[in-house]
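One-letter residues, chain by chain:
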Amino acid sequence: MPRWTVLSVALALAAVAAGPARAANNSARKPESKGEVSYKWTDEKGITHYGDYVPPEYAKRERAVLNQEGVVIRKLEAEKTPEQRAADALRQRDVESRRQHDQFLLTTYTSVSDIETLRDQRLEQIVGQSSAAQQYVDSLNSRLTGLQARAQLFKPYSSDAAARRMPDDLAADLVRTVSELRVQSNVLTTKQREHADVAQQFQADIERFAELQAGRAQR
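Given the structure is predicted, the values throughout are model-derived calculations rather than measurements.

Rules used throughout
- Residues numbered from 1 in each chain as written.
- Predicted model: local features only at pLDDT ≥ 70, side-chain atom pairs only at ≥ 80, totals over all residues.
- Heavy atoms only, no water.
- Helix = DSSP H or I, 4+ residues; strand = E, 2+ residues; numbered from the N terminus.
- Contact = heavy atoms within 4.5 Å.
- Buried < 20%, exposed > 50% of the residue type's maximum accessible area, 1.4 Å probe, protein only.
- Lys, Arg positive; Asp, Glu negative; His and termini not counted.
- Salt bridge = Lys/Arg side-chain N within 4 Å of Asp/Glu carboxyl O.
- Phe/Tyr/Trp six-rings, centres within 6.5 Å; stacked < 30°, edge-to-face > 60°.
- Pairing = 2+ DSSP bridges.
- Axes fitted to C-alpha atoms, helices over the stretch in contact; angles between N-to-C directions.
- Parallel < 35°, antiparallel > 145°, perpendicular 65-115°, else oblique.
- Left-handed = near helix turned anticlockwise from the far one by under 90°.
- Nonpolar A, V, L, I, M, F, W, Y, C, P; charged D, E, K, R; others polar.
- Polar contact = N/O pair within 3.5 Å; in protein donor to acceptor, adjacent residues only side chain to side chain.

A word on the environment of Ser130. You can see Ser130 is positioned in helix H3 (residues 112-151). When the C-alpha positions of Ser130 and Thr190 are compared, they lie 8.9 Å apart, and in sequence the two are 60 residues distant. Sequence-distant contacts of Ser130, that is, excluding residues within four places in its chain, are made with Leu188, Lys191 and Gln192.

Examined against the element boundaries, Asp205 turns out to sit in helix H4 (residues 168-218). Buried charge without a salt bridge: Asp205, with Arg208 as the nearest opposite-charge side chain at an N-O distance of 8.3 Å. The contact partners of Asp205, leaving out residues within four places of it in the chain, are His101, Leu105 and Ile115.

Another aspect to go through is the packing of aromatic side chains. Counted according to the given criterion, the structure contains two aromatic pairs. Measuring from centroid to centroid gives 6.1 Å for Phe104 and Tyr109, while their planes differ by 85°, and the two rings are edge-to-face. Overall, the relative accessible area of 8% leaves Tyr109 in the buried class. Here the aromatic rings of Tyr109 and Phe209 are separated by 6.5 Å at their centres, their planes lie at 85°, and the arrangement is edge-to-face. Taken together, the residues Tyr109 in the loop between helix H2 (82-108) and H3 and Phe209 in helix H4 connect sequence positions 100 residues apart. On the basis of relative accessible area, Phe209 is assigned to the buried category, the value being 2%. Aromatic ring contacts, followed pair by pair, group Phe104, Tyr109 and Phe209 into a single cluster.

The sheet contact formed by strand S3 (residues 63-66) and strand S4 (residues 72-76) spans four bridges and is antiparallel. Residue pairing across strands places Leu66 opposite Val72, the latter belonging to S4. Here S3 hands over to S4 after five residues, with Gly70 in that stretch at a positive phi of 80°.

So, on to the packing of H3 against H4. Interaxial distance between H3 and H4 falls to 8 Å at its minimum, and their mutual angle equals 165°. Relative to H4, the element H3 lies roughly antiparallel. Judged by the sense of rotation from one axis to the other, the crossing of H3 with H4 is left-handed. By residue class, the composition of the contact of H3 with H4 is 24 nonpolar, eleven polar and ten charged.

A word on the side chain of Asp43. Inspection of the secondary structure assignment puts Asp43 in the loop between strand S1 (39-42) and strand S2 (48-51). It is Lys45 that comes nearest to the buried, bridge-free Asp43 among opposite-charge side chains, at 6.7 Å. A distance of 2.9 Å separates a polar atom in the side chain of Asp43 from the backbone nitrogen of Ile47. A distance of 2.8 Å separates polar atoms of two side chains, one belonging to Asp43 and the other to His49. Setting aside residues no more than four positions away along its own chain, Asp43 makes contact with His49, Tyr58 and Arg61.

What follows deals with the sheet that holds S1. Across the sheet, which stays open at both edges, the four strands sit in the order S2-S1-S3-S4 with antiparallel pairing between neighbours. Strand pairing shows two members of the sheet lacking a second neighbour, S2 and S4, which therefore form its edges. Going across the sheet, the axis of each strand differs from the next one's by a mean of 25°, ignoring polarity.

Put into structure tokens, the structure is as follows:
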């Protein structure tokens, strides 16, 4: 058994204590010899560290992989939050949706005039539906005007003290007409909005189709 002197024990303890400190200092310094580093990362204080492994507490941060010369050859992104992952998924779905729509344009139409023809047919159909809705709204307004004129002969609208109470069938007819007028007015507004939306969508399709065709021609 070797005999340990007080001095040798003290030196051994000092060496052990200095080991982690030297390791910590080295982690913040970019080593010069080849093959000494393989990772690079930054801590919460903005200090850059190098080492042959990334400590667990920094494993979710952005970090870089270095080659033997200390040159960055690959970057590893920081772990994303649930919100960031959801946003990425949404962007990916949008990209895929656009890709599918491009494919639809190229396989459905042979020229811009094909799209314009279909557009005119769709818009003409919507115009016809809007015209029919407008005629119905006009007829409902006329009917409502007549019903309101009749209602003036009865209480509570008539100023004649001897006026009779409004018949139940007239009151019910007024309610039905007002309700149907509201519904058909909404239909008419919807059709007018649909006309504008369809025209805008077809215009976007025409422009995109022209871009895709131009891209094919340049290949």
